[in-house]
Amino acid sequence: MKLPITLLFILFSFISFSQDVTVRGFVFDKSTGEPIAYQKVKLIKNSDSSFVAGALSDLDGFFNIPKIRKGNYIVFVANSQYKKTHKNISIDKNKGIINVRFEIEKISSIQEMEEVVINAEASQKKNQVLISQLKLDQKTLELIPSMGGENDIVGAFSVTPGVVTTGDQGGQLYVRGGTPIQNKILLDGMTIYNPFHSIGFFSIFETELVKNVDVFTGGFDAKYGGRISSIMDISYRDGNRMNFGGKISTSPFLAKLVLEGPMSSTKEGNPSPGSYVLSAKHSLLDYTSKSLYPSVNDGNGLPFNFTDLYGKITINSKNGSKFSVFGFHNQDSVNYNIATLNWTASGGGLNFMLVPSSSPILIKGHVNGSNYETTFLETNLKPRTSRIGGFDLGFDFTYFLKNEGELNYGINIGGFNTNFTTYNEVNRKIQAENFTTEIGGYINYRFLPGKWVIQPSLRMQVYASLATISPEPRLGIKYNASDKFRIKMSGGRFSQNFTSASSDRDIVNLFNGLLSAPTNVQETFVNEFQQAKETKNGLQYAWHAIAGFELDIAKSVSVNIEGYYKYFSQLSNINQNKIYEDIAEFANEADEFKKDFIIESGQSYGIDALIKYSKKRLFLWGVYSFGYSTRWDGFISYFPVFDRRHNINIVGSYLLGKNKDFEVNLRWNLGSGLPFTPTSGFYQAENFNSGVTTDFTTTNPQTISTLLGEFNSERLPYYHRLDITLKKRFTFKNKDEIELIASVTNVYNRKNIFYVNRVTSEEIYQFPILPSFGLSYKF
């Protein structure tokens, strides 16, 4: 690992001393002091107004235009939602940095959907690969029908191409054949171990604070490591630096409060150097569900309870550098008649961005730590527990190149300790406790020769505790065939340390404990191609290959189609075949029957199609996904529980009224049946109370056991559900807003199967029709 780190610092030093004239700066919203992301900045000649170069601001509002010659120029910022702004600059030297700061003023508080959804994305299509990547902001999240009158980021994830959810209750996200543990979810650089509450409709995230969401369903570049399936990178905005404000809302499902404001008084219209933001939400189902939803859960209501707390303080300097400190606490519990689940998570960290006065390099960093603990208790069974605590320290460097190219490189160091206890299907105890350290370094280079966008990258992932180094080359390519048609592809190698304390075979699993890669695995693994290899540990590996195209049919209509193949060359799983203890007495037994964990492999392939329409009052989003996933455990090839062949999501939103203050949102989801193991029959299980002398011909056992058929050989019925949300907004002269929300989940009361009791054949369904009303006040 010393070599990659050394190369990074040599590269840093080289770039620092090879400067040209750079024009850089920030774009802020004058009314709030918040940075404006994805804003196009143009540099034109003062003499003839000819275009020289351009740049796109990042999430912090930062833009950089390098390699500018001597002369007089105009830096121009144009956005139809803001007043046009420009600044004159003069360059009379060969090297140096020109800093420019824009604080632009909104023309109107009314925002056009077409601009919010389309424009920011369209400005990046030609200059970035953007394969298997979806960008979302707060406005887009609010277009998706809400559950219980509350918008949540989980709704956006569930309509993303390639994403499968397994149910309304305790549902998890499976991305293009990857399991939940193989999805990395980040909040401002911090890994969130469990982002979703047990009810399945709500996450721990606060939609009101979301600035940007990047969802990578595969083929992501080397900046991201530690997961083999997908990345969901969520960024929160800072608090309002100009005025105190907030939002209060309530519904039968939850109540929440958001507060924000400057940390000091503003002077002469200038924003405060510091701001804060606080949010809290708590479920109300314990108090409301029995009376409002008597048909749910045999009249016992919805047994879910959760609380989410978050706070952040941000300090901004005059040159654009900033520091943020944040903390969070999440709690969740669900109490069914037959099982109880509880989990808590707490953590905090520091994020910073440095804009050196004498260097064109942008430096970002973070340090954070968190703890997660979960307990699952089933009737007449022993409790399962899992705990994880960890830290992460990272630095990222960005050097801006000509024609909007970039060179990114960085390093991160992380460590975590895990402790878990569980039991397999034959009640054998499986327990593990360890501490793991990881070091990752990456370099990512994007350049634009002609019509091409080429982005090679390399990550070196060091698993110090396992004495393993994983080189991970990756490549993304785009060809701009025309202004409206673009071809793209990506691929690479990925690895991860984390393993789930649940099994891919489980049908309904509320317990999702975490542990590091196990070493108690079989010595030799034979994959589905009958290739044998030695296994040292349970690290998980995958290869991705993706290709597709983008087509802009019109300014308001775009199509994106991608085909993908993921080969999971090594997966670690709970060993459901374990029947012996791994001790000397059973030395002659095969590892597959005595190790706590088993090595598997798998394949997933499919096609995802997305069509978007956005113009003035109407927004439409249509997704079709075809997927095929298999797992090989060394004995058989099987369909995992999330293998859904067809999945359709249709989202629509329409604005009514002269001021566009009445909104109608709908979402319809259709999914083909998930696999399940059928029941072949029943038999009387002999307990052999008298040992080997038991006469089974005269005993009459009272216990009835189930004889299962071929594993996951049959399919459940199709799943489908329609959700509708109506919103009416009232805006006052002081710009305060009241919003009334009415929503109906499962409008036509579809009986989607949750599970079937094998003994009684009773069918347990997902949620029935659930109407709800909500009220929010924004000030």
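Structure: see above.
Tell me what's going on with the sheet that holds strand β6 (residues 85–91), and back it up with residues and numbers.
The sheet built from four strands is open, its strands ordered β3-β2-β5-β6 with antiparallel pairing. Across the chains shown, the open sheet's two edge strands, defined by having one partner strand only, are β3 (51–56) and β6. Each neighbouring strand pair of the sheet contributes to a mean axis angle of 20 degrees, computed without reference to strand direction.

I'd like to hear about unusual backbone geometry, residue by residue, with values.
Even without being a glycine, N746 presents a positive backbone phi close to 60 degrees. One can find N746 in the loop between β44 (737–745) and β45 (753–756). Using a relative accessible area of 0% as the deciding quantity, one classes N746 as buried. Unusually for a residue other than glycine, N749 sits at a positive phi of about 55 degrees. With respect to the secondary-structure elements, N749 resides in the loop between β44 and β45.

Report on the pairing of strand β35 (residues 618–632), specifying residues and quantitative values.
In this structure, strand β34 (residues 597–615) lies alongside β35, joined through 15 bridges in antiparallel fashion. Bridge pairing in β35 links I611 to G622. Linkage of β34 to β35, two consecutive antiparallel strands, is achieved through a turn of two residues, within which K616 is found at a positive phi near 55 degrees. With nine bridges joining them, β35 and strand β37 (residues 646–656) adopt antiparallel strand pairing. The partner of Y624 across the bridge, within β37, is I648.

Hey, could you go over helix α5 (residues 285–292) for me, with residue numbers and the actual values?
Within the sequence span of α5, burial applies to L285, T288 and S289. With its buried residues spanning 100 degrees around the axis, α5 presents them on a single face. In this structure, α5 carries Y287, K290 and S291 as exposed residues pointing more than 90 degrees from its buried face. Here the buried face of α5 lies against β17 (274–283) and β18 (304–316).

Any chance you could break down the sheet that holds strand β14 (residues 230–236) for me, citing the residues and the numbers?
Spatially, the five strands line up as an open sheet ordered β8-β13-β14-β11-β12, and their pairing is mixed. Among the strands making up the open sheet, the edge pair consists of β8 (133–136) and β12 (190–191). Bridge count for strand β11 (residues 183–187) against β14 is five bridges, and the pairing is parallel. Opposite N183, over in β14, you have S230 as the bridge partner.

Outline the side chain of K184, listing residues and values.
As for its placement among the helices and strands, K184 is situated in strand β11. Among buried Asp, Glu, Lys and Arg side chains, K184 stands out as unpaired, with D392 the closest opposite charge at 6.3 Å. Residues in contact with K184, not counting those within four places in the same chain, are T191, G225, R227, S230, I231 and M232.

Definitions and limits used
Residues numbered from 1 in each chain as written. Predicted model: local features only at pLDDT ≥ 70, side-chain atom pairs only at ≥ 80, totals over all residues. Heavy atoms only, no water. Pairing = 2+ DSSP bridges. Helix = DSSP H or I, 4+ residues; strand = E, 2+ residues; numbered from the N terminus. Axes fitted to C-alpha atoms, helices over the stretch in contact; angles between N-to-C directions. Buried < 20%, exposed > 50% of the residue type's maximum accessible area, 1.4 Å probe, protein only. Arc of directions from axis to C-beta. Contact = heavy atoms within 4.5 Å. Lys, Arg positive; Asp, Glu negative; His and termini not counted. Salt bridge = Lys/Arg side-chain N within 4 Å of Asp/Glu carboxyl O.

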